[in-house]
Amino acid sequence: MSGLILHHYDTSPFSEKVRLMLGLKGLAWDSVQAPVIMPKPELTPLTGGYRRIPVLQIGADIYCDTQVILAEIERRAPGPSLALGPAWAVNFWADRLFFGVTVPIIFGELGDATPKDFIADREKLSGRPFNVEAMKAAAGIMRPQWRAQAAWIEEGLVGADWLSGETPGLADIAAYMNIWFLARSLPDLADELLAGFSRTQAWRGRVAAIGHGERREITGGEALVVARDAAPAPAPAHDANDPLGFSPETPVVVSADDYGRDPVAGTLAALAPDRVVVARDTPELGKTHIHFPRAGYIVGKA
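Remember, predicted model here, so these are calculated numbers, not experimental data.

Reading guide: rules and limits
- Residue indices follow the written sequence of each chain, beginning from 1 at its first position.
- It should be noted that, the model being predicted, local features are given only for residues of pLDDT at least 70 and side-chain atom pairs only at 80 or more, the latter also being counted only at that level, while totals for whole chains, interfaces and linings use all residues.
- Working from all heavy atoms in the structure, the side-chain values ignore hydrogens and water.
- Here a helix means four or more residues in a row that DSSP labels H or I, a strand means two or more in a row labelled E, and each is numbered from the N terminus.
- The span expected for a helix works out to 1.5 Å for each residue beyond the first.
- By definition, a residue's bend is the angle between the axes fitted to the seven residues ending there and the seven starting there.
- In what follows, a contact means two residues having at least one pair of non-hydrogen atoms within 4.5 Å.
- Any N or O atom pair separated by 3.5 Å or less is treated as a polar contact, with the protein-specific requirement of one donor-capable and one acceptor-capable atom, and with residues adjacent in sequence counted only for side-chain atom pairs.
- In this scheme, strands are said to pair when DSSP sees at least two bridges between them.
- For helices, the fitted axis covers only the stretch in contact; all axes are lines through C-alpha atoms, and the angles between them, taken along N-to-C directions, range from 0 to 180 degrees.
- Salt bridges are defined as contacts in which a side-chain nitrogen from Lys or Arg sits within 4 Å of a carboxyl oxygen from Asp or Glu.
- For every residue, the accessible area (1.4 Å probe, protein chains only) is compared with the maximum for its type, and the residue is labelled buried under 20%, exposed over 50%, or partly exposed between those bounds.
- Should an angle lie under 35 degrees it is considered roughly parallel, over 145 roughly antiparallel, and from 65 to 115 roughly perpendicular; all remaining angles are considered oblique.
- Note on convention: the crossing is left-handed when the near helix lies turned anticlockwise from the far helix by less than a right angle, right-handed when the turn is clockwise.
- Three categories are distinguished: nonpolar for Ala, Val, Leu, Ile, Met, Phe, Trp, Tyr, Cys and Pro, charged for Asp, Glu, Lys and Arg, and polar for the others, with Gly belonging to the last.
- Throughout this description, the term nonpolar core refers to a set of buried Ala, Val, Leu, Ile, Met, Phe, Trp, Tyr and Cys residues connected via side-chain atoms within 4.5 Å.
- Classification of ring pairs uses Phe, Tyr and Trp, with its six-membered ring standing for Trp, and accepts pairs whose centres are within 6.5 Å; under 30 degrees between planes counts as stacked, over 60 as edge-to-face, and the remaining range as tilted.

Participant: Looking at this structure, I do not really get helix 6 (residues 132–156). What am I missing?
Facilitator: Each α-helix turn comprises 3.6 residues. Residues three or four places apart therefore point the same way. Compared with the 36 Å implied by 1.5 Å per residue over 25 residues, the 33 Å span of helix 6 between its first and last C-alpha is a close match. At A139, helix 6 shows its largest bend, some 50°. Buried-residue contacts for helix 6 involve helix 4 (87–110), helix 5 (116–126), helix 7 (170–185), helix 8 (187–193) and helix 9 (198–208). Structurally, the start of helix 6 carries an N-cap: the backbone nitrogen of E133 is 3.1 Å from a side-chain oxygen of N131.

Participant: Where do I start with the sheet that holds strand 8 (residues 275–282) in this structure?
Facilitator: Hydrogen bonds along the backbone pair up the strands of a sheet, which may run parallel or antiparallel. Strand order in the open sheet formed by ten strands is 5-2-1-3-4-9-8-7-6-10, and the pairing between neighbours is mixed. A single partner strand is all that each edge strand has here, and the edge strands are strand 5 (214–217) and strand 10 (297–301). In this sheet, neighbouring strand axes are inclined to one another by 35° on average, regardless of whether the strands run parallel or antiparallel. Taken together, the four bridges between strand 3 (residues 55–58) and strand 4 (residues 61–64) define a ladder with antiparallel strand orientation. Within strand 4, the position partnered with L56 by the bridge is Y63.

Participant: How do you make sense of the pattern of salt bridges when you look at a structure like this?
Facilitator: Opposite charge on two side chains allows them to pair when their charged atoms are near. This model, assessed by the stated rule, comprises 24 salt bridges. For K136, the salt bridge is made with D112, and the minimal N-O distance between the two is 3.4 Å. Of the two residues, K136 sits in helix 6 while D112 sits in the loop between helix 4 and helix 5, which places them 24 residues apart along the sequence. On the accessibility criterion, K136 (33% relative accessible area) is partly exposed.

Participant: Would you mind showing me how to read the packing of helix 4 against helix 6 here?
Facilitator: Axes are the key here: two packed helices are described by the angle between their axes and the distance separating the axes. For the pair helix 4 and helix 6, interaxial distance at closest approach is 6 Å and the crossing angle is 135°. It follows that helix 4 is oblique to helix 6 by the angle criterion. Remark: the crossing between helix 4 and helix 6 carries left-handed chirality. Across from W93, L97, F98, V101, T102, V103, P104, I105, F107, G108 and E109 in helix 4, the residues of helix 6 making contact are V132, M135, K136, A139, M142, R143, Q145, W146, Q149, A150, W152 and I153. Each residue belonging to the contact of helix 4 with helix 6 can be placed in one class, and the counts come to 16 nonpolar, four polar and three charged.

Participant: Hey, could you run me through the nonpolar core in this one?
Facilitator: W146, I153, I179, L182 and W203 are the most contacted members of the largest nonpolar core, which totals 59 residues. With twelve residues, helix 7 is the largest single contributor of residues to this core. In this structure, L182 is in contact with T102, I105, I106, W146, P187, L189, A190 and L193, ignoring residues within four places of it in sequence. L43, L46, A227 and L268 belong to the second largest nonpolar core, which has 25 residues in total.

Participant: Is there a simple way to think about the packing of aromatic side chains in this case?
Facilitator: The description of an aromatic ring pair rests on the distance of the ring centres and on the angle between the ring planes. What the rule picks out here adds up to eleven aromatic pairs. Arranged with centres 5.0 Å apart and planes meeting at 20°, the rings of W93 and F98 form a pair that is stacked. Taking relative accessible area as the criterion, W93 reaches 13% and is therefore assigned buried. Through a chain of ring-to-ring contacts, the aromatic side chains of W93, F98, W146 and W152 assemble into a single cluster.

Dropping the structure here:
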């Protein structure tokens with residue numbers, strides 16, 4: 001085992017960010033192909049019920065959401081540096097605003113070809129209708145909005161090969177996600193919406209060439225054994241100034257603030273400035289730590 005286990009599926013745009021991060025760092029990692037839709041019987045025992053993809057596992061430490069996954073990989077493999085800091089704003093924009101434009105374009109074009117079980121699953125995930133007809137109607141409006149956001153990438157590449165400066169970094173990985181997602185789903189449309197953006201088109205090729213590092217396939221069952229046989233690493237330092245005022249050992253529930261709000265219950269291990277760590281102890285896996293980003297996740301008392 002390499003120590004890094006990524007639970008993902010190949011068509012996941014959020015997973016592509018992590019795969020590129022692993023490639024940029026030149027890391028070896030183990031791949032567990034998770035189902036696209038529920039049930040996910042070899043994932044949710046690790047995450048306490050969290051179902052979104054990707055999830056990074058390192059022994060008995062489970063990292064949910066790309067924000068905390070990318071931060072943890074950077075912490076463990078700091079060279080080459082990803083130029084973090086303000087780049088987190090680019091990451092948040094890509095995850096929410098740009099992604100929110102990309103989705104209706106893709107599924108508006110796919111229309112009735114979208115599988116019914118996929119629609120039902122995403123409705124449960126989001127808590128609202130996955131309205132293909134509405135996406136069809138919105139797709140035409142969203143196309144110029146998508147191009148306008150891609151134009152920010154074009155502008156950011158003036159005089160530079162990378163958004164992050166002289167070398168690729170988090171801003172490049174994050175911004176690339178929606179370009180990759182549209183191009184993988186609707187390549188002709190992606191070329192149409194990027195017409196005239198020569199710097200972005202060349203940058204696409206450079207980002208893709210980063211690759212995914214050294215990947216090896218394992219099973220979800222093997223990953224569960226790794227968690228069972230490991231102990232979680234010490235939690236990060238607790239932020240005594242966090243506005244919630246919670247102390248370690250407090251029973252808490254954590255959920256996302258946008259979609260996929262499946263609550264994860266456990267005991268607070270730490271509220272750090274960048275993450276919340278929840279400790280769980282189950283008969284199947286023993287002790288685990290589940291890590292969530294501090295931004296974008298709600299923490300409440302259980």
